[in-house]
Amino acid sequence: MGGELQALLSIMSTLRDPELGCDWDKKQTFESIVPHTLEEAYEVADAIERNDMAALKDELGDLLFQVVFYAQMAKERGAFDFADIVSGLNDKLIRRHPHVFEKQEQLSDTQLEAQWQAIKAQERAQKGSVTTSEPLWHDIPRMLPALSRAQKIQKRASALGFDWPDYHGALDKVAEEVQEVSEALSVDPHSAHSAEELGDLLFATVNVARHARHDPEQILRLACDKFVRRFEQVDSTLNQLGLSLEDATLEEMDLAWEQVKKQQSRR
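Everything numeric here is computed off the predicted structure, so don't read it as measured data. (Residues numbered from 1 in each chain as written. Predicted model: local features only at pLDDT ≥ 70, side-chain atom pairs only at ≥ 80, totals over all residues. Heavy atoms only, no water.)

### Considerations on helix α8 (residues 146–159)
The first and last C-alpha atoms of α8 sit 20 Å apart over 14 residues, in line with the 20 Å expected at 1.5 Å per residue. Every buried residue of α8 is accounted for by Leu-147, Ser-148, Ala-150, Gln-151, Ile-153, Gln-154, Arg-156 and Ala-157. Elements that come into contact with the buried residues of α8 comprise α7 (109–126), α10 (192–211) and α11 (216–240). Gly-161 sits one or two positions beyond α8 and adopts a positive phi of about 95°. (Helix = DSSP H or I, 4+ residues; strand = E, 2+ residues; numbered from the N terminus. Expected span 1.5 Å × (residues − 1). Buried < 20%, exposed > 50% of the residue type's maximum accessible area, 1.4 Å probe, protein only. Contact = heavy atoms within 4.5 Å.)

Right, here's the structure in full:
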């Protein structure tokens, strides 16, 4: 294993070599690689959701390559190298799991979450976060997908005691936000106020998912997949009736949709 990892680092170094390297690899920067890193992370998630282990192996390799690429560029600047990344990760994992590496105790999910947030708060304080203008949120990347960022913000607020005890309060908030959206849309559906209320509704929905211990980004992806599957079946059903999506009326598409739903619910 150590030899294979060393070979990977050597390959990466050669790809970036000023004379022997690949022109594409040599011209890359930290900023230019970011889109590729995000794409690889989503491809890992896609392989997992499809339960495709062969694809997952390949995608994890591609994601590891992203880490190695960043490490090589940092090494060239004299900032850090791959060994520094691994060393820092080892220290962090041990520090964030005292119930495994120090006390050897069993904790409930609630206790684990409280411990995790307390450790993260201590880390932020040690980094001097308390002196920044955004002491609570500055380390939650704004470039995160909005659903994931909302979840992290809510977890941070919850760790400070600002939260409902269970999903019931969060669900009631969704109902309240639905009413406010309805009122705003009735005045002007295209207004900034309507957009703001819709944003509040999305944020509140994330809170329900969080309390139910579901990842909002993942369950929305799955919902998108379900809609796509059903709509493809709607297209097939209409075709059997001699219709197309372009020619069918809304009523005909609705009937086909309900038929597909019934068929899928019986499976």
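### Quick look at the nonpolar core
In this structure, Met-12, Phe-30, Ile-33, Val-68, Phe-69, Tyr-70, Ala-71, Met-73, Ala-74 and Phe-82 together form the largest nonpolar core, which totals 10 residues. Broken down by secondary-structure element, the contributors of at least two residues to this core are α3 (30–49) and α4 (53–77). In terms of residue count, the dominant contributor to this core is α4 (six residues). Other than its neighbours up to four places away in sequence, Ala-71 contacts Phe-80, Asp-81, Phe-82 and Ile-85. Counting seven residues, the second largest nonpolar core, distinct from the first, contains Ala-248, Met-253, Trp-257 and Val-260. (Core = buried A, V, L, I, M, F, W, Y, C linked by side-chain atoms within 4.5 Å.)

### Observations concerning unusual backbone geometry
Positioned with a positive phi, Gln-104 is a non-glycine residue whose angle comes to about 50°. On the secondary structure map, Gln-104 appears in the loop between α6 (98–101) and α7. The phi angle at Arg-213 is positive, at roughly 60°, despite the residue not being glycine. With respect to the element layout, Arg-213 can be found in the loop between α10 and α11.

That's the geometry; what it means functionally is another story.
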